[in-house]
Amino acid sequence: MQLTRIPGLLFGGDYNPEQWPEEVWAQDAKLMAEAGVNIATVAVFSWSRLEPRPGAYDFGWLDRVLDLLHEHGIAADLATATATPPPWLIREHPHVRPVDANGTLLDFGSRQGYCPSSPVFRAATARLARVMAQRYGQHPALAMWHISNEYADHTLECFCDESARHFRTWLADRYASIDGLDAAWGTSCWGQHYTAFDQVNPPRKAPGPINPTQLLDWRRFCSDALLECFEVERAILREVTPDVPVTTNFMSILPGLDYWKWAAAEDLVSDDAYPDPADPTSHVGAALSYDLMRSLKDRPWLLLEQAPSAVSWRAVNVPKPAGMMRLHSLQALAHGADGVMFFQWRQAVYGPEKFHSALLPHAGVRSRGWQDTLRLGKDLEKLAEIAGTRTAADVALVLDWDSWWGLAAPESMPSARLDLKDLLAAWYAPLHARGIAVDLVSPDHDLTGRRLVIAPNLYLCTAEQAARLAAFDGHLIVGPFSGVVDTADHVHPGGAPGPLRELLGVSVDEFRPIPDGATETVRHADASTSTVRRWTEWLAVDDASVLARYRGGDLDGQAAITRRGRVTYLGCLLDDVSPVLSDVLTRAGVHPVADVPPGVEACRRDGADAHYLFLLNHGTTAASVTLREPGRDLLTGRDLRDRVEIGPRDAVVLRIAQEGEK
Ligand code: GAL
């Protein structure tokens, strides 16, 4: 299935013509066509230009932009333009603006300055979305709708009175009665017993630690409140243009929004990714995000924004070294993207992003950046046939936003050093280094067919989720501090691992986080040792074999890692999970898509009559890879067999025909 009606891979970026005199537009369109750009994201921040006064529209300029793009064969990812409310709306309704946890009403002068719960804001976005859909729904350039922009980037939450009212309605829906809320929030603690919903507030700045269930419900509410904003616009677009796909750009793997829930509301998943060029391992984090994006709908997705070179929002904005822009683009494709797009097309000359790189830099067509743009356009044409091909993964990593949010109540946790993204990355990085394909799953997903499922952490685990894991017939690894609480953040009877106790065959007697700088040592059955830095548990072994024990310290001789049948439990956070992972991968019969040396990433996509092996050398020296099967490198046209040399920051994309195919 294609992402949009555009055949092949998508290539383009954010285009902000309103920042330029009209004479420049013709040159933009000509250069886009020359580079092979086939899609431009338009009107993301254009509300104040499209509706300069309430209900008075100025669409002339956007009409001309869309016509021009279309004449040059370029489609539009057309934004509903609702990412920044215009000054007149703020002037008429000052309380459209968000309020922070300290009660400060934030001022205009940046972007995304809206309260997600504001009925005035929502109604104004609905009006604009309808007018946009009616005006451009039939425009031949329109390929997809882009609602708002990066929800939760600057405004994840608002603490105003309107938000408080909305939060109370959300809570009343969830708990039906104030007694239900009191029970769930455990308000008998610290004298918080409520007798009416109108006494309940968002978790504004308070004298001490805030009720953790209130915080957890607030995180759920904030994700839902923004999703409602999205749905207000989506419903209108679906009504007026039912055949045009709708997206909003996600921000890679971040705690703010429950992307499982969000992706279900979209037609296609799109993502913005900004791996730091100064960090030699940032491509590993990007790979994890990309695998999440593919997994959200289990189909190809779109890299909607990345930087051609430097960004403008880090303390030090390092440009990408030669080859990295191309390599990182190919990486997104390797992980299932059907297009690569950038922020932005033409480098700005004013505003906060004037030093942010662009496909067409300040230095124009003489720049090295422009040569990179041209080269990438050609490469994407050569790879057109991979569009729509899929990825199969035997291994799945469990990611649950409830657990992520539950852990993020640092004032009431045994340790503030547990972040779910870090815990995921600790398993993902060694899988990635081995060239093993990984999907992300929610604990509510069907796990059938996986060989190995890894739950790095399930702090919050329901009886249903535990039952699903127990019914899974593959290999399972569960990380520490799992099965601790229920959906209300109440500790399960008997303590951790709660509903997982029987499955794991262990009970946690005591959590023992390690102070910063200290370490513990774990000794495996083969006498090798691992270092543990952040977390240990005193385990009581009920019905499991012990794979590793602590050596030295208070836990000397106690079980650290256990196994019951196909289920391995780690009561500690190993610095390096490789000893456990290698063993379980072998038992589960999981194989890499290719045997790769350090620094080379291997991914596979499957088509109807061929599969595609991406070999990406992220290193700064050449690497040699042994090939299991011969194939043709789509980037160079070379036929390759046995071994291939891949230059620094270079890649090959091998087309390997199925038996009997050419
Ligand atoms: C994104 C945003 C873009 C642009 C970009 C710069 O977060 O969606 O509008 O600001 O960052 O890196």
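The rules we used
Residues numbered from 1 in each chain as written. Predicted model: local features only at pLDDT ≥ 70, side-chain atom pairs only at ≥ 80, totals over all residues. Heavy atoms only, no water. Pairing = 2+ DSSP bridges. Helix = DSSP H or I, 4+ residues; strand = E, 2+ residues; numbered from the N terminus. Contact = heavy atoms within 4.5 Å. Axes fitted to C-alpha atoms, helices over the stretch in contact; angles between N-to-C directions. 1 Å grid on protein atoms, 1.4 Å probe; cavity = no way out; pocket = protein on both sides within 12 Å on 5 of 7 lines; lining within 4 Å. Points joined across faces, edges and corners; volume = space filled by probe spheres on them. Nonpolar A, V, L, I, M, F, W, Y, C, P; charged D, E, K, R; others polar. Near = heavy atom within 4 Å. Polar contact = N/O pair within 3.5 Å; in protein donor to acceptor, adjacent residues only side chain to side chain. Areas by Shrake-Rupley, 256 points an atom, 1.4 Å probe, with all protein chains shown as cover. Buried < 20%, exposed > 50% of the residue type's maximum accessible area, 1.4 Å probe, protein only. Core = buried A, V, L, I, M, F, W, Y, C linked by side-chain atoms within 4.5 Å. Phe/Tyr/Trp six-rings, centres within 6.5 Å; stacked < 30°, edge-to-face > 60°. Salt bridge = Lys/Arg side-chain N within 4 Å of Asp/Glu carboxyl O. Parallel < 35°, antiparallel > 145°, perpendicular 65-115°, else oblique. Left-handed = near helix turned anticlockwise from the far one by under 90°.

(A) Seen up close, the sheet that holds strand β24 (residues 631-633). Overall, antiparallel pairing links the five strands, which are arranged β21-β22-β27-β24-β25 in an open sheet. Edge positions in the sheet fall to β21 (600-606) and β25 (639-640), since each of these pairs with one other strand and no more. Strand direction decides the pairing type here: β21 and strand β22 (residues 610-617), joined by seven bridges, are antiparallel. Across the sheet, residue V600 finds its bridge partner in β22, namely N617. Against the sheet, helix α11 (residues 324-334) makes contact with β21, β22 and β27 (651-657), and its axis sits at roughly 145° relative to β22, the strand it touches most.

(B) Region of interest: empty space enclosed by the protein. Taken as a whole and assessed by the stated rule, the structure comprises eight cavities of 30 Å³ or more. The calculated volume of the largest cavity comes to roughly 140 Å³. Around the largest cavity, the lining comprises 17 residues; the ones closest to its centre are H335, I436, A437, A602 and C603. The set of elements that each furnish at least two residues to the lining of the largest cavity consists of α10 (282-297), α14 (420-433) and β21. Per-element accounting of the lining of the largest cavity gives the leading share, four residues, to β21. In the lining of the largest cavity, the residues fall into nine nonpolar, four polar and four charged.

(C) Representation of the site of the ligand in the model. Near the ligand the following residues occur: F45, R111, N149, E150, D153, D272, Y274, E305, W313, F343, E353 and H356. The separation between an oxygen atom of the ligand and a polar side-chain atom of E150 is 2.4 Å. Here an oxygen atom of the ligand and a side-chain polar atom of E353 are 2.3 Å apart. Against a free-state accessible area of 310 Å², the protein chains account for coverage of 96% of the ligand. Looking at the shell around the ligand residue by residue, the classes come out as four nonpolar, two polar and six charged.

(D) Structural view of the environment of A164. With respect to the element layout, A164 can be found in helix α6 (residues 161-175). Judged by relative accessible area, A164 falls into the buried class, the value being 1%. Expressed as a C-alpha distance, the spacing of A164 and P319, which sit 155 residues apart in the sequence, is 43 Å. If sequence neighbours within four positions are ignored, A164 has contacts with N201, P202 and R204.

(E) Here's a closer look at unusual backbone geometry. A cis geometry characterises the amide bond from F343 onward to Q344, with omega recorded as 0°. Note that Q344 resides in the loop between β9 (337-342) and α12 (368-382). Of the consecutive residues A496 and P497, the connecting peptide bond is found in the cis state with omega at 0°. Turning to its location among the elements, P497 is positioned in the loop between β13 (475-478) and α16 (501-504). A positive phi angle, close to 80°, is found at A152, a residue other than glycine. As for its placement among the helices and strands, A152 is situated in the loop between β4 (142-146) and α6. Since its relative accessible area comes to 13%, A152 is described here as buried.

(F) The arrangement of the nonpolar core in detail. Within the largest apolar cluster, 168 residues are counted, with the highest numbers of intra-cluster contacts made by L62, L78, W145, L333, L399 and L452. Aside from chain neighbours lying at most four places away, what touches W145 is D77, L78, T80, M132, A133, Y136, L237, T241, V244, P245, V246 and T247.

(G) Quick peek at the packing of aromatic side chains. Here the structure, examined in full by the defined rule, presents 26 aromatic pairs. Ring geometry for W185 versus Y194: centroids 6.0 Å apart, planes at 75°, classification edge-to-face. Between the aromatic rings of Y274 and W313, the centroid separation amounts to 5.7 Å while the plane-to-plane angle is 85°, which identifies the pairing as edge-to-face. One end of the pair, Y274, is in the loop between β7 (270-272) and α10; the other, W313, is in the loop between β8 (301-305) and α11, with 39 residues separating them in the sequence. Residue class for Y274 comes out buried when judged on its relative accessible area of 18%. By relative accessible area, W313 is classed as partly exposed at 48%.

(H) View of the sheet that holds strand β12 (residues 452-455). The nine strands lie next to each other as β11-β10-β12-β13-β20-β19-β18-β15-β16, forming an open sheet whose pairing is mixed. Every other strand in the sheet has two partners, leaving β11 (438-441) and β16 (529-532) as the edge strands with one partner each. Averaged over all pairs of adjacent strands, the angle between strand axes in this sheet comes to 20°, irrespective of strand direction. As paired elements, strand β10 (residues 395-398) and β12 share three bridges and run parallel to each other. Its bridge partner being in β12, L397 is matched across the sheet by I454. Sheet contacts for α14: β10, β11, β12, β13 and β20 (567-570); angle to β10, the most-contacted strand, approximately 165°.

(I) Looking closely at the pattern of salt bridges. Here the structure, examined in full by the defined rule, presents 37 salt bridges. Close ionic contact of R417 with D516 constitutes a salt bridge, the shortest N to O distance being 2.6 Å. With R417 in the loop between α13 (401-407) and α14 and D516 in the loop between β14 (506-513) and β15 (520-524), the pair connects residues that are 99 residues apart, well separated along the chain. Residue R417 is classed as partly exposed on the basis of its relative accessible area, which comes to 43%. On the accessibility criterion, D516 (56% relative accessible area) is exposed. Note that D554 and R512 form a salt bridge whose closest N and O atoms lie 3.1 Å from each other. Highlighted residues: D554 in the loop between β18 (545-551) and β19 (559-564) and R512 in strand β14, separated in sequence by 42 residues. The exposure class assigned to R512 is partly exposed, which follows from its relative accessible area of 22%. Bridged by salt links that share partners, the residues R174, D217, R220 and D402 form one connected network.

(J) Summary view of the side chain of T213. Here T213 shows up in helix α8 (residues 212-240). Among the residues examined, T213 registers a relative accessible area of 4% and is labelled buried. Residues within four places of T213 in sequence aside, it is in contact with A184, W185, A488 and D489.

(K) How the structure looks around the packing of α10 against α11. Between α10 and α11, the shortest axis-to-axis distance is 9 Å and the interhelical angle comes to 30°. Comparing their axes, α11 and α10 come out roughly parallel. When the axes of α10 and α11 are compared, the crossing they make is right-handed. Counted together, H283, A286, A287 and Y290 of α10 and H328, Q331 and A332 of α11 form the full contact between these two elements. The residue inventory of the contact of α10 with α11, partitioned by class, reads four nonpolar, three polar and no charged.

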